[in-house]
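If you want the building blocks of each chain, they are given just below.
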Number of protein chains: 2
Amino acid sequence: MNIKDAILAGNVRAAAKLMRRLDDRDESAIAILKELYAHTGRAYILGITGPPGAGKSTLVDCLISSFRKKGLRVGVVAIDPTSPFSGGAILGDRLRMMQHANDPYVFIRSLATRGAMGGLSRSTVDVISVLDAFGKDIIIIETVGVGQDEVEIARIAHTSVVMTVPGLGDDIQAIKAGIMEIADIYVINKADRDGANKTLMDIRLMLEMKEHDSDWQIPLYLVEASRGKGIDELVAGIEAHREYLFHHPNFRDILAEKARIQLAEVIKARLFEAAWQDLQQQGQLPRIIEQISQRTLDPYSVADALILRLKGQSSI
Amino acid sequence: MNIKDAILAGNVRAAAKLMRRLDDRDESAIAILKELYAHTGRAYILGITGPPGAGKSTLVDCLISSFRKKGLRVGVVAIDPTSPFSGGAILGDRLRMMQHANDPYVFIRSLATRGAMGGLSRSTVDVISVLDAFGKDIIIIETVGVGQDEVEIARIAHTSVVMTVPGLGDDIQAIKAGIMEIADIYVINKADRDGANKTLMDIRLMLEMKEHDSDWQIPLYLVEASRGKGIDELVAGIEAHREYLFHHPNFRDILAEKARIQLAEVIKARLFEAAWQDLQQQGQLPRIIEQISQRTLDPYSVADALILRLKGQSSI
């Protein structure tokens, strides 16, 4: 059985293999992804976004358990704000999800935000496509939600849960406001902490001030993920949003908007990779970089020359 | 006087005008940027990176005062993890820098990490180039340091200061480890807080464990930015790193690496913008997005078609 059919049949090792090949920028893996794409679009994508320290992994852990009890197959894409250098930190964080390690219907994939130039967003889009074709009913994307790439990724989700915790500093409040735009559901974790009430009131106030461009009222849940408290209510809220979305009169437009973001992310990453590789293969890169460094050439002119090549005609 | 000459002559309004035009993706602004590029490369670029709540703005405020006392002209690019939606948050944060608002030799520019698709990195590169040509002796880039774009941007700096504060959660520690790779100097702010000693020891341990690929010993400073404590020592440390760098036997290679990142960021953003605009102008985008949404077309094939156009021959 080839790798595509193996993935469609739900073979875990085939899915893991394809993801590794995608990491290696293997062109044959992209070819498989293209074939798999027709089999995607079935999974429900759930974004979990919150600042560092909000307890995202613990909450995701609770959600996995909850969805598994309903018999759903779960995929997780955890975007770690870490580098290969800090492998230990990733591992420590992920260890909490290890209780699901032996569950064949749970697939967890960590993506580092560092690494090769470009590609976080594309990698995320790729992994979502693989998990979707692989038969996952629900795919959870866990992100810190700062940085433009991450916010774009969150927009791919059908339902975006934005988390916070009581007692974070002013900067955190700024982030909270910044990602509020993407929130379909709001969660305050560590609700037993001092200041939970103040945070609750702050968020309620912000939600009231927010202009409503839809008839979805953003609900606000207090949870204690480490003790599993409030999770059932949150899951019910997620399901309610799903129902709302699927029966939305503009559901088709909503999906098109997600496809637009997905397309943009793929184009951004693939075009850059191709252009850069091209410059490298033609052996021009060292000279160009030296000239830029010496200010006898500017990066904008190099980009323009590459764009000129794009202006040729071809149909898609 | 045209805008280019006005900027080279240090005209604040001309610089602000060009930045606004760059925000609007005005092609004539890019043309000016190309001309200005030959006049860049003089500014010293200082990155200040740290998690939300670390007190970056307060520290930057202290640094501006310190550099101004030395007669240096200062530019600041503050990358806010916020959206246009949370204008209040940006403003509140920036208010602390207002004491410099009437100083004609301080130019502060906030960039939101949200906004149009793509472009944070390019915008940052653009603003740095304008400030550099504009005659700033030192340009401070303030970032949260999570997200790939941000880490790439930090690599453009000549000296990268990584900040933390005592008593942040585990996730923050992960970030700290992740951005440690880019640190030339380490700062613990709010050193009067409980747990400062533990944080100090943790970071010392990490620094000792880190493989040394250079003969620069990363110093660690305890500061209380809100009271101006420890700033002189930090500034001396920044100057020591500058000296180290400028007398480094591989100084030329170090600058070339920064030029490489700059080039990559510009190509990434400009190529995507051009390709996307092209698809829009040809009126193909709605059909393509609809087909992707319906899974009768995949985004990888669209990217491939665009890449094929790139494969034509042209010289730079």
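Going by the structure above, here's the rest.
Residues numbered from 1 in each chain as written. Chains lettered and ligands numbered in written order. Predicted model: local features only at pLDDT ≥ 70, side-chain atom pairs only at ≥ 80, totals over all residues. Heavy atoms only, no water.

Student: Pulling in residues and values, what's your account of the overall build of chain A?
Tutor: The number of helices and strands found in chain A is 13 helices and 7 strands. Going through the 316 residues of chain A one by one, you find that 61% of them count as buried. Restricting the contact set of chain A to residue pairs at least 6 apart, pairs at least 24 apart contribute 77%. Per element, the accessible surface of chain A, about 12,600 Å² overall, is 50% carbon and sulfur. (Helix = DSSP H or I, 4+ residues; strand = E, 2+ residues; numbered from the N terminus. Buried < 20%, exposed > 50% of the residue type's maximum accessible area, 1.4 Å probe, protein only. Contact = heavy atoms within 4.5 Å. Areas by Shrake-Rupley, 256 points an atom, 1.4 Å probe, with all protein chains shown as cover.)

Student: Can you lay out the pattern of salt bridges for me, pointing to particular residues and giving the numbers?
Tutor: On inspection of all chains with the given rule, the structure shows 30 salt bridges over all chains. A salt bridge links B:Glu35 to B:Lys4; the shortest N-O distance between them is 3.8 Å. Of the two residues, B:Glu35 is situated in helix H3 (residues 27-37) and B:Lys4 in helix H1 (residues 3-8); the sequence distance between them amounts to 31 residues. Two residues, B:Glu257 and B:Arg260, come together in a salt bridge whose shortest N-O distance is 2.9 Å. Here B:Arg260 and B:Glu257 lie together in helix H11 (residues 251-281), a separation of 3 residues that amounts to about one turn. Through salt bridges with shared partners, one network takes in A:Glu27, A:Lys34, A:Arg270, A:Glu273 and B:Asp304. (Salt bridge = Lys/Arg side-chain N within 4 Å of Asp/Glu carboxyl O.)

Student: Could you give an account of the pairing of strand E1 (residues 44-49) of chain B, with specific residues and numbers?
Tutor: Residue and element names in this part refer to chain B. Of all 6 residues that make up E1, 6 are buried, and the element is covered over most of its length. The alternating pattern of E1 places Tyr 44, Leu 46 and Ile 48 on one face and Ile 45, Gly 47 and Thr 49 on the opposite face, and all of these are buried. Note that E1 and strand E4 (residues 138-143) share 6 bridges and pair parallel. Looking across to E4, one finds that Leu 46 is bridged to Ile 140. (Pairing = 2+ DSSP bridges.)

Student: Could you give me a rundown of the packing of aromatic side chains, with the residues and numbers involved?
Tutor: Applying the stated criterion to the full structure yields 10 aromatic pairs over all chains. Seen from their ring centres, B:Trp216 and B:Tyr244 are 5.2 Å apart, and the 40 degrees between their planes marks the pair as tilted. Here B:Trp216 is found in the loop between helix H9 (196-209) and strand E7 (220-222), whereas its partner B:Tyr244 is found in helix H10 (residues 231-246), with 28 residues between them in sequence. Comparing B:Trp216 with B:Tyr244, the two get one shared label, buried. Among the aromatic residues, those joined into a ring-pair cluster are A:Tyr44, A:Phe246 and A:Phe251. (Phe/Tyr/Trp six-rings, centres within 6.5 Å; stacked < 30°, edge-to-face > 60°.)

Student: Go over the pairing of strand E5 (residues 159-164) of chain A with me, naming the residues and quoting the values.
Tutor: Residues and elements named next belong to chain A. Counting buried residues in E5 gives 6 out of 6 residues, a clear majority hidden from the surface. Judged by which residues are buried, E5 turns out to be covered on both faces: Thr 159, Val 161 and Met 163 on one side and Ser 160, Val 162 and Thr 164 on the other are all buried. Judged from the 4 bridges that link them, strand E1 (residues 44-49) and E5 form a sheet pairing that is parallel. For Ile 48, the partnering residue across the bridge sits in E5 and is Val 161.

Student: Account for the nonpolar core, naming residues and giving values.
Tutor: Grouped together as the largest cluster of nonpolar side chains are 114 residues, with contacts concentrated most on A:Ile267 and B:Ile267. Ignoring any residue separated from it by four or fewer positions in sequence, one finds B:Ile267 in contact with A:Phe272, A:Ala275, A:Trp276, A:Leu279, A:Val302, A:Ala303, A:Leu306 and B:Phe272. (Core = buried A, V, L, I, M, F, W, Y, C linked by side-chain atoms within 4.5 Å.)

Student: For the packing of helix H11 (residues 251-281) of chain A against helix H13 (residues 299-310) of chain B, give the residues involved together with the corresponding values.
Tutor: Here H11(A) crosses H13(B) at 35 degrees, and the two axes come no closer than 9 Å. Of the two elements, H11(A) crosses H13(B), and the hand of that crossing is right-handed. Here H11(A) contributes A:Leu263, A:Val266, A:Ile267, A:Arg270, A:Leu271, A:Ala274, A:Ala275 and A:Asp278 to the contact with H13(B), which in turn contributes B:Pro299, B:Tyr300, B:Val302, B:Ala303, B:Asp304, B:Leu306, B:Ile307 and B:Leu310. Taken together, the residues of the contact of H11(A) with H13(B) sort by class into 13 nonpolar, no polar and 3 charged. (Axes fitted to C-alpha atoms, helices over the stretch in contact; angles between N-to-C directions. Left-handed = near helix turned anticlockwise from the far one by under 90°. Nonpolar A, V, L, I, M, F, W, Y, C, P; charged D, E, K, R; others polar.)

Student: Would you mind going over helix H2 (residues 12-23) of chain B in detail, with residue names and values included?
Tutor: All names here are of chain B. Counted at 1.5 Å a residue, the expected span for H2 with its 12 residues is 16 Å, and the 17 Å between its end C-alpha atoms agrees. Along H2, the positions that sit buried rather than exposed are Ala 14, Ala 15, Ala 16, Leu 18, Met 19 and Leu 22. One side-chain oxygen at the N-terminal end of H2 lies 2.8 Å from the backbone nitrogen of Arg 13; it belongs to Asn 11. In the stretch just after H2, Arg 25 is the one whose phi turns positive, near 55 degrees. (Expected span 1.5 Å × (residues − 1). Polar contact = N/O pair within 3.5 Å; in protein donor to acceptor, adjacent residues only side chain to side chain.)

Student: Before we move on, could you go through the packing of helix H3 (residues 27-37) of chain A against H13(B) and cite the residues and values that matter?
Tutor: As a packed pair, H3(A) and H13(B) sit with axes 8 Å apart at the nearest point and diverge in direction by 130 degrees. The pairing of H3(A) with H13(B) is recorded here as oblique in orientation. Residues A:Ile30, A:Leu33, A:Lys34 and A:Tyr37 of H3(A) pack against B:Pro299, B:Tyr300, B:Ser301 and B:Asp304 of H13(B). Grouping the amino acids of the contact of H3(A) with H13(B) by side-chain chemistry returns 5 nonpolar, 1 polar and 2 charged. (Parallel < 35°, antiparallel > 145°, perpendicular 65-115°, else oblique.)

Student: Describe the side chain of B:Asp298, listing the residues and the values that go with them.
Tutor: Secondary-structure assignment places B:Asp298 in the loop between helix H12 (285-293) and H13. Buried within the structure, B:Asp298 lacks any salt-bridge partner; its nearest side chain of opposite charge belongs to A:Lys34, at an N-O separation of 5.7 Å. For B:Asp298, the side chain forms a polar contact with the main-chain nitrogen of B:Tyr300, separated by 3.0 Å. (Lys, Arg positive; Asp, Glu negative; His and termini not counted.)

Student: Mind laying out the environment of A:Gly10, listing which residues take part and the relevant values?
Tutor: Mapping A:Gly10 onto the fold places it in the loop between helix H1 (3-8) and helix H2 (12-23). Separated by 55 residues in sequence, A:Gly10 and A:Ser65 place their C-alpha atoms 20 Å apart.

Student: Describe the environment of B:Leu22, and please don't skip the residues or the numbers.
Tutor: The topology assignment puts B:Leu22 in helix H2. For the pair B:Leu22 and B:Leu33, spaced 11 residues apart in sequence, the C-alpha to C-alpha distance is 9.1 Å.

Student: Any details on the side chain of B:Asn189? Residues and values, ideally.
Tutor: All names here are of chain B. Its location among the elements puts Asn 189 in the loop between strand E6 (185-188) and H9. Asn 189 gets classed as buried once you look at its relative accessible area, which sits at 3%. Polar side-chain contacts of Asn 189 include one of 2.9 Å to the backbone oxygen of Ala 54. Sequence-distant contacts of Asn 189, defined by excluding residues within four places in its chain, comprise Ala 54, Gly 55, Met 163, Thr 164, Val 165, Pro 166, Val 223, Glu 224 and Ala 225.

Student: Kindly report on helix H4 (residues 56-69) of chain B, identifying the contributing residues and their values.
Tutor: Residue and element names in this part refer to chain B. For H4, spanning 14 residues, the distance from its first C-alpha to its last is 20 Å, which sits close to the expected 20 Å at 1.5 Å a residue. When you tally the buried positions in H4, you get 11 out of 14 residues, the bulk of the element. Among the residues making up H4, those that are buried are Lys 56, Ser 57, Thr 58, Leu 59, Val 60, Asp 61, Cys 62, Leu 63, Ile 64, Ser 66 and Phe 67. At the exit of H4 stands Gly 71, carrying a positive phi of roughly 85 degrees.

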